[in-house]
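These are the residues of each chain, in order.
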Amino acid sequence: MKRQYMRTRQLQPGMKLDHPVVDRLGRNLVARGAELDQYMIDSMIQLGIMTVYVQLGEEDAANETKEKISPKAEKNIEKYRTDDRSKVMLSDSVKQRVSEGIQYIYSNTGSQEMVSATDSIANDLMSAINDNDAIAIDISALKTSDEYTFKHSVDVATIAMIIAKHQGLSGKEIHEIGMTGLLHDIGKTKIPLEVLNKPGRLDDDEFAIMKQHATFGYQMIKDREDISAAVCLGVLQHHEKLNSKGYPMGVGPERISPYARILSVADIYDALVTERPYKKAFSQRDAVEMIMSMTMELDMKAMNSFLESTILYPVDSIVELSNGEKAKVVKNTPHYILRPTVVGLESGTVYELGEDINCTNIIIL
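Residues numbered from 1 in each chain as written. Predicted model: local features only at pLDDT ≥ 70, side-chain atom pairs only at ≥ 80, totals over all residues. Heavy atoms only, no water.

1. Some details on helix 10 (residues 229-237)
The criterion, for reference: Here's how the labels work: a residue is buried when its accessible area is under 20% of the maximum for its type, exposed when over 50%, partly exposed in between, all with a 1.4 Å probe on protein chains only. For helices the rule is a DSSP run of H or I covering at least 4 residues; for strands it is a run of E covering at least 2, with both sets numbered from the N terminus onward. We call two residues in contact whenever any of their non-hydrogen atoms come within 4.5 Å of each other.
By the burial criterion, the buried members of helix 10 are Val231, Cys232, Gly234, Val235, Leu236 and Gln237. Taken together, the buried residues of helix 10 touch helix 6 (171-183), helix 9 (213-221) and helix 11 (258-272).

Below you can see the structure in the form of structure tokens.
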């Protein structure tokens, strides 16, 4: 679909936005694809949102068709199918509680109850991990909220906790890493709306403002006696890089805290796969490949734990192969996150993408 960049004052009722518009707390004010009315337009102008992208033309809805599976394929699917490792599962009641809790935190950053609310959410996530001894995560299955900052914070906390569990950290440390993930973007409540909502690339001055959110977040929590120094440091350093090119301080690996090393991987991945006002979402595959390429920036132990804990193609999902055949995923292997074992729906061929040398030229599209 084509899009057009235009000034907010030029918008007309009936036009559709091609990106979501959020407030300083990350709450959706106008959803992507929403048909604008004059009230929406006036509200955006009052909030200082001066430019947006609008959609040109209609997007065709995709018609889902039931895939035909040959008898041979059915036989091999049954033979090779292996359940995924135990994944984090959030019940509807927990999702509701977590969603309301994270919104409270970001709306009441100075309240005495903010920390207890954060602790409560971390406890809920800890229980979800422990209840079924989860050792893996399927990002697409979380969806605690439609609002970016809230969803992103919960996703990052959950991913970081699974990474920490994979590394064998203590229950206390896993819980604290969860709290760090929940609070890591709290400093964005201090960033001007026109910077948060800009639909295009930030210029140098705007990016300098955006980079202050890590420092703002640290300053908001550093004097709280009920938040550990390790959590505060993780919030401050979650954008630091091992090559000293991160922010806000540009420190090297010897000064980056363990929590920040884990949080950085979780934060980058979830940001890549989530749509924002200024960018489309990357596919999970592309995001993983980008993470794998950041060996000079990210902690390798945290990266490997993430890669071995994330499920990109859940068992029973349908994928398209580069040889033109559609296939069903029957088994995932931790060391081959991009290359599960699949069965061709028509041919019934078993493709062990991660282990069979004859499959090296076949990829999932």
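The rest of the description comes next.
2. A few points about the sheet that holds strand 8 (residues 350-352)
Condition: Two strands make a pair as long as DSSP finds a minimum of two bridges between them. For helices, the fitted axis covers only the stretch in contact; all axes are lines through C-alpha atoms, and the angles between them, taken along N-to-C directions, range from 0 to 180 degrees.
As summarised here, the arrangement of the four strands in space is 5-6-7-8, forming an open sheet in which the pairing is antiparallel. Edge positions in the sheet fall to strand 5 (318-320) and strand 8, since each has one partner strand and no second. On average, each strand axis in the sheet is tilted by 40° relative to the strand beside it, whichever way the strands run. Where strand 5 and strand 6 (residues 326-331) come together, three bridges link them in antiparallel fashion. Bridging across to strand 6, Ile318 finds its partner in Lys328.

3. Overview of unusual backbone geometry
Omega for the peptide link from Tyr247 to Pro248 comes to 15°, which places this bond in the cis form. Its identity is not glycine, yet Ser244 carries a phi of approximately 70°, on the positive side. Among the secondary structure elements, Ser244 is positioned in the loop between helix 10 and helix 11. At Asp316, a position not held by glycine, the phi torsion is positive, near 90°. Along the polypeptide, Asp316 turns up in the loop between helix 13 (300-309) and strand 5. Using a relative accessible area of 34% as the deciding quantity, one classes Asp316 as partly exposed.

4. Thoughts on helix 1 (residues 38-46)
To keep things clear, this is the line we draw: Think of the arc as the fan of directions from the helix axis to the C-beta atoms. Under this definition, polar contacts are N or O atom pairs within 3.5 Å; protein pairs additionally need one hydrogen-donor-capable and one acceptor-capable atom, and for neighbouring residues in sequence, both atoms have to be side-chain atoms.
Those residues of helix 1 lying buried are Ile41, Met44 and Ile45. Each buried residue of helix 1 lies within a common arc of 100° when the element is viewed along its axis, so the set occupies one face. Helix 1 presents Tyr39 and Gln46 as exposed residues on the side facing more than 90 degrees away from its buried surface. One side-chain oxygen at the N-terminal end of helix 1 lies 3.2 Å from the backbone nitrogen of Tyr39; it belongs to Asp37. Immediately downstream of helix 1, the backbone of Gly48 shows phi near 85°, a positive value.

Keep in mind these values describe shape, not function.
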